[in-house]
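# Chains, contacts and geometry: an overview
Residue-level listing of the chains:
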2 protein chains.
Amino acid sequence: MNELAGKIQIDLRSSEPIYLQIVRQIEQLVAAGSLKQGDQLPTVRELATALRINFNTVARAYRLLDEERLISTQRGRGTYIWEMPTPEIQERLRAHGLEEAARSYLAAALRLGFSPAEAAAALSRVMAGGGGHDAPADHFESF
Amino acid sequence: MNELAGKIQIDLRSSEPIYLQIVRQIEQLVAAGSLKQGDQLPTVRELATALRINFNTVARAYRLLDEERLISTQRGRGTYIWEMPTPEIQERLRAHGLEEAARSYLAAALRLGFSPAEAAAALSRVMAGGGGHDAPADHFESF
DNA sequence: GTTGTGATTGTATAATTGTATTATTGTCGT
DNA sequence: ACGACAATAATACAATTATACAATCACAAC
């Protein structure tokens, strides 16, 4: 259990919503080096109890921080400060990341016994269909 | 120690649960012929240690695969590939694996800030260049 | 051969984690 | 007052983990 709760002060009378107060203060703690990569944050329920608020409010703050890639929330495991790549690495990742991902995808397709043309066709199908994020991955039911 | 662990990559930040990531990837490895009938899988604790997760999560994946009759888990003995899927199932697994890989690639490209068209173009370049290496597992070590 | 002990295997149950959905509350504009 | 909308809370849920357990094996002692 983390003494982070003691470092966060919320003002219930403030016009700033509680969940934004939490977001802002955690951002500041990370910027100040008070929270480092890999540090585990208190659970939503721990922090909520310490701050005497509902844990869903903490969860909302954590969700925002997760979306901005500052933390990583993992159901059943907890929430952690996420490794923020340095700007140079970030740029290098973007520069080379796409090609590497493409190579990796092609290799996977070949391992599965498909031709490069089939790999490209599959990509087109996915682009046309549900373009966005990772799919529910419906694995087949036994029969 | 089975080197299967090295072939399985999990993304703790993915919305896809860890146990389903394991299920899917083992299905793909079987479909691709990387795992054959009678092969012993790593124990739940071995694989869990290698992936830095709890062994119950691996056990849950194995249980699903066991219910699919793809593997056979035996208390006190270990886990083995039970039967090669029927050609129809195998083809279905292959197709599913390809779609999943394409979706994953597209998601990675979008995450890097590229458009779907750029993703497709990058794939074409890699196909033309005859990409030598399979680039394994860039990201996602801890947390 | 049998038995016993310890190590290693998967299993079962419950506790802990974040998530999704819905209801309640509060505030502001009209 | 009223209605709309954001913030918060209540409830149920899903994923992961912790803990204890049962089956199997290896191997030594008898």
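The sections below set out a description of the structure shown in this document.

Definitions and cut-offs
Residues numbered from 1 in each chain as written. Chains lettered and ligands numbered in written order. Predicted model: local features only at pLDDT ≥ 70, side-chain atom pairs only at ≥ 80, totals over all residues. Heavy atoms only, no water. Core = buried A, V, L, I, M, F, W, Y, C linked by side-chain atoms within 4.5 Å. Buried < 20%, exposed > 50% of the residue type's maximum accessible area, 1.4 Å probe, protein only. Helix = DSSP H or I, 4+ residues; strand = E, 2+ residues; numbered from the N terminus. Contact = heavy atoms within 4.5 Å. Pairing = 2+ DSSP bridges. Axes fitted to C-alpha atoms, helices over the stretch in contact; angles between N-to-C directions. Near = heavy atom within 4 Å. Polar contact = N/O pair within 3.5 Å; in protein donor to acceptor, adjacent residues only side chain to side chain. Nonpolar A, V, L, I, M, F, W, Y, C, P; charged D, E, K, R; others polar. Phe/Tyr/Trp six-rings, centres within 6.5 Å; stacked < 30°, edge-to-face > 60°. Lys NZ or Arg CZ within 6 Å of the ring centre and 35° of its normal. Arc of directions from axis to C-beta. Parallel < 35°, antiparallel > 145°, perpendicular 65-115°, else oblique. Left-handed = near helix turned anticlockwise from the far one by under 90°. Expected span 1.5 Å × (residues − 1). Salt bridge = Lys/Arg side-chain N within 4 Å of Asp/Glu carboxyl O.

## A few points about the nonpolar core
B:Ile22, B:Ile53 and B:Tyr62 are the most contacted members of the largest nonpolar core, which has 28 residues in total. Those elements giving two or more residues to this core turn out to be α1 (4–7), α2 (18–31), α3 (44–51) and α4 (55–67) of chain B. Top element by residues in this core is α2(B). It accounts for eight residues. Each residue touching B:Ile22, except ones within four places of it in the same chain, is listed here: B:Ile10, B:Leu47, B:Leu51, B:Ile53, B:Val58 and B:Ala61. A:Tyr105, A:Ala122, B:Ala101 and B:Ala119 belong to the second-largest nonpolar core, a separate cluster that totals 25 residues.

## Looking at the sheet that holds strand β1 (residues 40–41) of chain A
All names here are of chain A. As summarised here, the arrangement of the three strands in space is β1-β3-β2, forming an open sheet in which the pairing is antiparallel. In this open sheet, the two edge strands, each paired with only one partner strand, are β1 and β2 (71–74). Examined bridge by bridge, β2 and strand β3 (residues 78–81) share four bridges and lie antiparallel to one another. Residue pairing across strands places Gln74 opposite Gly78, the latter belonging to β3. Against the sheet, helix α4 (residues 55–67) engages β1, β2 and β3, with an angle of about 125° to β2.

## Quick notes on the sheet that holds strand β3 (residues 78–81) of chain B
All names here are of chain B. If you trace the three strands from one edge of the open sheet to the other, you get β1-β3-β2, paired in antiparallel fashion. Edge positions in the open sheet fall to β1 (40–41) and β2 (71–74), since each of these has one partner strand only. Those strands touched by α4 are β1, β2 and β3, and its axis lies near 125° from that of β2.

## Digging into the environment of B:Trp82
Along the chain, the position of B:Trp82 falls in the loop between β3 and α5 (87–111). For the pair B:Trp82 and B:Arg69, spaced 13 residues apart in the sequence, the C-alpha separation amounts to 6.7 Å.

## Describing the protein's contact with DNA strand C
Close contacts around DNA strand C come from 22 residues, with A:Val44, A:Arg45, A:Asn56, B:Arg45 and B:Asn56 the closest. Each atom of DNA strand C within 4 Å of the protein was assigned to sugar, phosphate or base; sugar and phosphate come to 66%. Residue A:Val44 places a main-chain N or O atom 2.9 Å away from a phosphate oxygen belonging to DNA strand C. Between DNA strand C and A:Arg45 there is a distance of 2.7 Å, counted from a base nitrogen to a side-chain nitrogen or oxygen. Those elements that provide at least two residues to the surface near DNA strand C are α3 (44–51), α4, β2 and β3 of chain A together with α3, α4, β2 and β3 of chain B. Along the lines of polarity and charge, the residues of the surface near DNA strand C split into four nonpolar, 14 polar and four charged.

## Comments concerning the packing of aromatic side chains
Counted according to the given criterion, the structure contains one aromatic pair over all chains. A centroid spacing of 5.5 Å and a plane angle of 10° characterise the contact between A:Tyr105 and B:Tyr105, whose relative ring orientation is stacked. Residue A:Tyr105 is found in helix α5 (residues 87–111), and its partner B:Tyr105 is found in helix α5; the two belong to separate chains. Look at B:Tyr105 and you get buried, because its relative accessible area is 2%. A:Arg45 extends its terminal NZ or CZ atom over the ring of A:Phe55, reaching a point 4.4 Å from the ring centre.

## What about α3(B)?
Residues and elements named next belong to chain B. What α3 keeps buried is the set Val44, Leu47, Ala48 and Leu51. Looking straight down α3, one finds its buried side chains confined to an arc of 100°; they lie on one side. Exposed and facing more than 90 degrees away from the buried side of α3 are Arg45 and Thr49. Just downstream of α3 lies Arg52, where phi reads positive at about 60°.

## Some thoughts on the packing of α3(B) against α4(B)
Residue and element names in this part refer to chain B. Here α3 crosses α4 at 120°, and the two axes come no closer than 8 Å. When the axis of α3 is compared with that of α4, the two are oblique. For the pair α3 and α4, the sense of crossing is right-handed. Between α3, through Val44, Arg45, Leu47 and Ala48, and α4, the contact on the second element is made entirely by Phe55, Val58, Ala59 and Tyr62. Classifying every residue of the contact of α3 with α4 gives seven nonpolar, no polar and one charged.

## Some thoughts on α5(B)
Taking 1.5 Å per residue, 25 residues should reach 36 Å; α5(B) reaches 36 Å between its end C-alpha atoms and fits that length. B:Gly113 sits one or two positions beyond α5(B) and adopts a positive phi of about 90°.

## Points about the pattern of salt bridges
Residues and elements named next belong to chain A. Within this structure, the stated rule accounts for eight salt bridges over all chains. A salt bridge links Arg24 to Glu16; the shortest N-O distance between them is 2.8 Å. Classification of Glu16 by relative accessible area gives partly exposed; the value is 24%.

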